[in-house]
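# Descriptive analysis of the structure
The chain contents come next:
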Amino acid sequence: MSTAPAAGPGLGANQPLSGVTVLDMSRVLAGPWCGQLLADMGARVIKIEHPGRGDDTRGWGPPWHQGVAQAEQDVERQAAYYLCANRAKQSLAIDIASGEGQRLVKALARGADIVLENFKVGGLARYGLDAASLRALNPALVVCSITGFGQTGPYAHRAGYDFMIQAMGGLMSLTGEADGMPMKTGVAITDVMTGLYAAVGVLAALNRRRDTGEGSHVDLALLDVQVATLANQALNTLVSGRAPERYGNAHPNIVPYQAFACRDGHLVLTVGNDGQFARLAELLGHPEWSQGEYATNEGRVAHRDDLVALIQGILSGDERDVWLARFEALGIPAGPIHTLTEVFADPQVQHRGMAREIDGVPQVANPLRFDGESATADVPPPKLGEHSERVLADMGLSADDIARLRREGIIR
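Along every chain, residues carry numbers that run from 1 in the direction the sequence is written. Local features are withheld for residues below a pLDDT of 70 in this predicted model, meaning they are given only at 70 or higher, and side-chain atom pairs are given and counted only at 80 or more; totals for whole chains, interfaces and linings count all residues. To get the side-chain values, all heavy atoms of the structure are used, and hydrogens and water are removed first.

### What about the overall build of the protein chain?
Cut-off, in case you're wondering: Strands here are runs of E lasting at least two residues and helices are runs of H or I lasting at least four, both read from the DSSP assignment and numbered beginning at the N terminus. Each residue is assigned to one of three classes by its accessible area relative to the maximum for its type, calculated with a 1.4 Å probe on protein chains only: buried under 20%, partly exposed between the two thresholds, exposed over 50%. Whether two residues touch is decided by their heavy atoms; if any such pair falls within 4.5 Å, the residues are in contact. In these tables, accessible area is a Shrake-Rupley quantity obtained with a 1.4 Å probe, and a residue counts as shielded only by the protein chains included in the view. Charge counting treats Lys and Arg as positive and Asp and Glu as negative, with His and both chain ends excluded. Charged groups are reduced to one reference atom each: NZ for lysine, CZ for arginine, CG for aspartic acid, CD for glutamic acid.
Of the regular secondary structure elements, the protein chain holds 17 helices and 15 strands. Seen through its principal axes, the protein chain has C-alpha atoms that stretch 85 × 50 × 40 Å. The 412 residues of the protein chain split such that 45% are buried. In the protein chain, 68% of the contacts between residues at least 6 apart in sequence involve partners at least 24 apart. When the accessible area of the protein chain is evaluated, it comes to approximately 20200 Å², of which 53% is carbon and sulfur surface. Taken together, the 36 basic and 47 acidic charged side chains of the protein chain have centroids lying 7 Å from each other.

Below you can see the structure in the form of structure tokens.
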């Protein structure tokens, strides 16, 4: 097989996953997010897509990005949603429902290191492409199966989507104002976290393979991830035996740690220790706060309502940026509540190069840096079937065979 697509200008030949081949048979966000992360770090990621419709997210617009295809008059549009999770991959558009398509995917799996898939439990078995079948062909293969509820249990047969998992997994019960409706997050955070756990899992399995020579079947469920990432709120429940309340923009365990209204807008104040609070009390003209019932975080949590009202009364008397400058001067953590356009205009975000453009396609950088160099690959998300011919030629198929497969609709 050919080498991976070129990496970003920083990592060059020092890509951590150079030489690793991944078959990404997943769709939407969790699996593709994992695949993009692996591609950024140098893996060759072959995205297996249906030749007619491709990844579902190719149609999840607007907004659309208009890009010029190989023929100047032929303009291809791509959904922004698709573009967020498919950088640096090769697209092989192949019909896995056909016998020949299955044979070709099996041939790819024999030479691959990792397979990512998010079909329903048992969905790939009908094609002979499930974890057991592929690992029988290649015992060193690491297969990561991402589903809503896992490979076992009473819900294993159900489909799972981020929104419903946020609801079932408790996140929505924690999000929103205390007297309002439970809310989901503004990003499909369970999918994103599942993609990150998937990357950790497959890399751990690869590391173990070095000693055993054997691959693994990594079973990852969105519901499990959602429960695992409840973090302190999960332990609040297990320790106290009570379900936490919703605190809106406040924190259940730390005070003051929330949004406050200023004269001309809002800011977030995140006082994480008693020393920071003492400086805040001095700044606000009440040094006695750091000596009395508000001296410790435990006391501040116990008297949350009174203290928050006092702080709010003072902050509302001046402008947001005035307060932010004062907090910055004293090392008191605080920040503005930005819109996304403001985020990408922020000087720190710009300095870190988080907004990128790759061959005219907008991208958000990978936050990982190795020895000061960004891990972001310098290859845009592929068009549907863009690399079908290249991948199949690398497998040894002739130009005539590839042309026949295209005529028969097996590939695009």
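### Some thoughts on the environment of Val391
Within the secondary structure, Val391 is located in helix H16 (residues 388-394). Among the residues examined, Val391 registers a relative accessible area of 1% and is labelled buried. Between the alpha carbons of Val391 and Leu108 there is a distance of 9.2 Å; along the sequence they are 283 residues apart. When residues no more than four places from it in sequence are discounted, the contact partners of Val391 are Arg44, Ile46, Gln90, Leu92 and Leu108.

### Details of the confidence of the model for the protein chain
We count it as follows: Each residue gets a pLDDT score, which is the predictor's confidence in that residue and runs from 0 to 100.
Averaged over all residues, the pLDDT of the protein chain equals 94, while 95% of them reach at least 70. Ignoring residues within four places in sequence, the model shows residues 1-10, a span with pLDDT below 50, making 33 contacts including any to other chains.

### Some thoughts on the sheet that holds strand S10 (residues 266-270)
How we decide: DSSP calls a pair of strands paired once it identifies at least 2 bridges connecting them. Axis definition: a line fitted to C-alpha atoms, over the contacting stretch in the case of helices. Angles run 0 to 180 degrees between N-to-C directions.
Spatial strand order, S9-S10-S11: three strands in an open sheet with antiparallel pairing. Either end of the sheet is taken by a strand with one partner, and the two such strands are strand S9 (257-261) and strand S11 (334-336). For this sheet, the mean inter-axis angle between neighbouring strands, taken without regard to orientation, is 25°. In the sheet, S9 pairs with S10 via five bridges, with the strands oriented antiparallel. Its bridge partner lying in S10, Ala261 is registered against His266. Relative to S9, helix H12 (residues 304-315) is tilted by about 40°, and along the sheet it contacts S9 and S10.

### Overview of the nonpolar core
The condition that has to hold: We define the nonpolar core as a collection of buried residues of types Ala, Val, Leu, Ile, Met, Phe, Trp, Tyr and Cys that are connected through side-chain atoms lying within 4.5 Å of one another.
Grouped together as the largest cluster of nonpolar side chains are 31 residues, with contacts concentrated most on Val22, Leu38, Ile114 and Leu116. Counting only elements with at least two residues in this core, the list comes to helix H1 (30-40), strand S6 (114-117), strand S7 (142-147), helix H7 (189-212), strand S8 (216-221) and helix H8 (222-228). Residues within four places of Leu116 in sequence aside, it is in contact with Val22, Leu23, Asp24, Met25, Ser26, Gly31, Cys34, Gly35, Leu38, Cys144 and Val202. Ranked by size, the runner-up nonpolar core spans 28 residues in total, among them Leu108, Ala109, Phe119 and Ile402.

### Structural notes on helix H3 (residues 99-110)
So the rule is basically this: Expected span of a helix, by definition, is 1.5 Å for each gap between consecutive residues, and there is one gap fewer than residues. Here the arc refers to the set of directions running from the helix axis out to each C-beta atom.
Compared with an ideal rise of 1.5 Å per residue, which puts twelve residues at 16 Å, H3 spans 17 Å between its outermost C-alpha atoms and is within 8% of the ideal. Burial in H3 covers these residues: Gly101, Gln102, Leu104, Val105, Leu108 and Ala109. For H3, the arc enclosing every buried residue in end-on projection is 165°, short of the 170-degree limit, so these residues lie on one face. In this structure, the buried residues of H3 make contact with strand S1 (21-25), strand S2 (44-49), strand S5 (90-93), helix H4 (131-137), H16 and helix H17 (399-407).

### A closer look at the sheet that holds S5
Strands sit in the order S5-S2-S1-S6-S7-S8 across an open sheet of six strands; the sheet is parallel. Whereas interior strands pair on both sides, the edge strands pair on one side only; in this sheet they are S5 and S8. Going from strand to strand, the sheet's axes swing by 20° on average, the running direction of each strand aside. In the sheet, S1 pairs with S2 via four bridges, with the strands oriented parallel. Directly across from Thr21, in S2, lies its bridge partner Arg44.

### Some words on helix H13 (residues 320-330)
Where H13 is concerned, the buried positions are Trp323, Leu324 and Phe327. When H13 is viewed along its axis, its buried side chains cluster within an angular range of 100° and face the same direction. Residues Glu328 and Ala329 are exposed on H13 and point more than 90 degrees away from its buried face. Against S10, helix H10 (274-283), H12 and S11 lie the buried residues of H13. The first or second residue beyond H13 is Gly331, which carries a positive phi of 70°.

### Some points on the side chain of Thr147
Considering the arrangement of structural elements, one finds Thr147 in strand S7. The exposure class assigned to Thr147 is buried, which follows from its relative accessible area of 7%. Discounting residues that sit within four places of it in the chain, Thr147 has contacts with Phe119, Val121, Leu220, Ala221 and Leu222.

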